[in-house]
Amino acid sequence: MDISFALTGKGYVLVAADTTAARSIIKMKSDEDKIKVLSPHLLMAFSGEPGDTVNFAEYVERNLRLYHIRHTYPLRPASAASWIRRSLAESLRSRSPYSVNLLLGGYDTATHTPELYWVDYLGTMTSVPFGAHGYGSYFALSLLDRYHDPEAGLEEGLAALRRCIDEVSKRLVVSPGKYKVKVVDKDGVREIEL
Amino acid sequence: MEAISHAGTVLGVLAKDGVVLAAEKKVTGKLLDMSGSKEGGYGGSGEKIFLLNSNVISGVAGLTADANSLVNYSRQTAQGHLFNYNDDIPVELLVQRLCDLKQGYTQYGGLRPFGVSILYAGYDPHYQFQLYHSDPSGNYSGWKATCIGANNGTAQSLLKQEYKDDIGIDEAVGLVLRTMSKTMDSTTLGSEKLEFATLTLDADKRPKAKIYKPAEIDALLVKHDLAKKDEDAEMRAA
């Protein structure tokens, strides 16, 4: 049921995820943070099987933190995404695979480019200009096809994101009420109020 | 350590748009078959200068058998990184991994340490071009220009005098060849005594390692006026 969106713009990546934690038809919580800050310039929105998601996100977070401590600089977004993808692919072929879908947004401080990766629980990874997971993707992908601009400033990017969220609220039967939005750019990661 | 100070000189210079490595080959003889090194592979005779990864080349001084084992280890390490992270290994990381291995042999009894010093020339997006040196104890350090092997003191002081901070790759090639010709025991420079390699960026800003083939080394020496025939002319003039 989780919904997550992400889109790139000029020098930034926006990542948004709903904040609902549900079990069956019951909402248990409405302020759950489903976007992890993996390193100073890397964000990860995770969705999927409850429990698996947090477990896997923390596993990734700590491994990337260890790499950062060992080598003084963090993994670049492309390398981190490859490592995470491989972890999922190995997990898929194990006795207890993780059912976790991810959106990885990062800013590469070496090449000064924003990067976004769409990863699913089967270990598929693609570099995309915008992406979404969950029921929201049925609405967001067509909207972003029309309104996404990779050269857009932050305000325009937020406007495109708002369109997606509004459309989901309007059309989806089980639409979530609240979203958390985070942005990563050359200055690092910060949260934004919509 | 002792073996290294007798080994063929290996010299490295860091330029702003590339890195240069040169090495003196000690074991040569008329009967040694070098025909294999003329064409095949990626150049060089594969005695002292090796390609470790697409972004790192190394020059080794010391026991050749130990060096081969270390080169093999670092190639595997680099490919392991590529497998896990889909990206070339950062140069310092590769140096660290090799030094961890070398250090291990100084710590446990019963085993002999690797008798090898290595110069690494590499490129990565974090620190651009880099030049590192590691010794048998597992110490490593980064340099702008350095030298290992026989006569390394002489070469170091020559480099210290002549090195400039914003040196370009062409000047660096000249500096390396000149220093090499002054420090080597033999009076004449030629491809049978010398291995040479550069690391630069190609048109797509990807690292490009070039290990010179014997014919290319001779051509380079002629270009820099350090080739053999030079000496005969001097003799006649004197």
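Residues numbered from 1 in each chain as written. Chains lettered and ligands numbered in written order. Predicted model: local features only at pLDDT ≥ 70, side-chain atom pairs only at ≥ 80, totals over all residues. Heavy atoms only, no water.

*Asks:* Help me understand the packing of helix 5 (residues 152-162) of chain B against helix 6 (residues 169-183) of chain B in this model?
*Replies:* Residue and element names in this part refer to chain B. Interhelical geometry of helix 5 versus helix 6 gives an angle of 145° and a closest axis separation of 10 Å. Considering only the axes of helix 5 and helix 6, their crossing is right-handed. Where helix 5 approaches helix 6, its residues Thr 154, Ala 155, Leu 158, Leu 159 and Glu 162 are matched on the opposing element by Leu 175, Arg 178, Thr 179, Lys 182 and Thr 183. Looking at the contact of helix 5 with helix 6 residue by residue, the classes come out as four nonpolar, three polar and three charged. (Axes fitted to C-alpha atoms, helices over the stretch in contact; angles between N-to-C directions. Helix = DSSP H or I, 4+ residues; strand = E, 2+ residues; numbered from the N terminus. Left-handed = near helix turned anticlockwise from the far one by under 90°. Contact = heavy atoms within 4.5 Å. Nonpolar A, V, L, I, M, F, W, Y, C, P; charged D, E, K, R; others polar.)

*Asks:* Can you walk me through the pattern of salt bridges in this structure?
*Replies:* Note that side chains of opposite charge can pair when their charged atoms are close. Applying the stated criterion across every chain, the model contains 20 salt bridges over all chains. With its nearest N and O atoms 3.6 Å apart, the salt bridge here joins A:Lys29 to A:Asp31. A salt bridge links B:Lys144 to B:Asp165; its shortest N-O distance comes to 3.0 Å. In this pair, B:Lys144 sits in the loop between strand 7 (140-142) and strand 8 (145-148) while B:Asp165 sits in the loop between helix 5 and helix 6, placing the two residues 21 residues apart along the sequence. (Salt bridge = Lys/Arg side-chain N within 4 Å of Asp/Glu carboxyl O.)

*Asks:* What's the story with unusual backbone geometry in this structure? I'm lost.
*Replies:* Note: most peptide bonds trans; most residues except glycine with negative phi. A positive phi is found at A:His112, a non-glycine position, where the angle reads about 55°. Tracing the sequence through the fold places A:His112 in the loop between strand 7 (100-108) and strand 8 (113-119).

*Asks:* What is the right way to look at the interface of chain A and chain B in this model?
*Replies:* The extent of an interface is frequently quoted as the accessible surface area lost upon association of the parts. Taken together, the contacts link 13 residues of chain A with 12 residues of chain B. Counting the surface lost from both chain A and chain B, the interface buries some 1,200 Å², and carbon and sulfur atoms represent 55% of this. Of all residues in chain A, A:Tyr73, A:Arg76 and A:Arg86 bury the most surface against chain B, accounting for 45% of the area lost on that side. Counting across the chain A and chain B interface gives one salt bridge. (Buried area = accessible area lost by both parts, 1.4 Å probe.)

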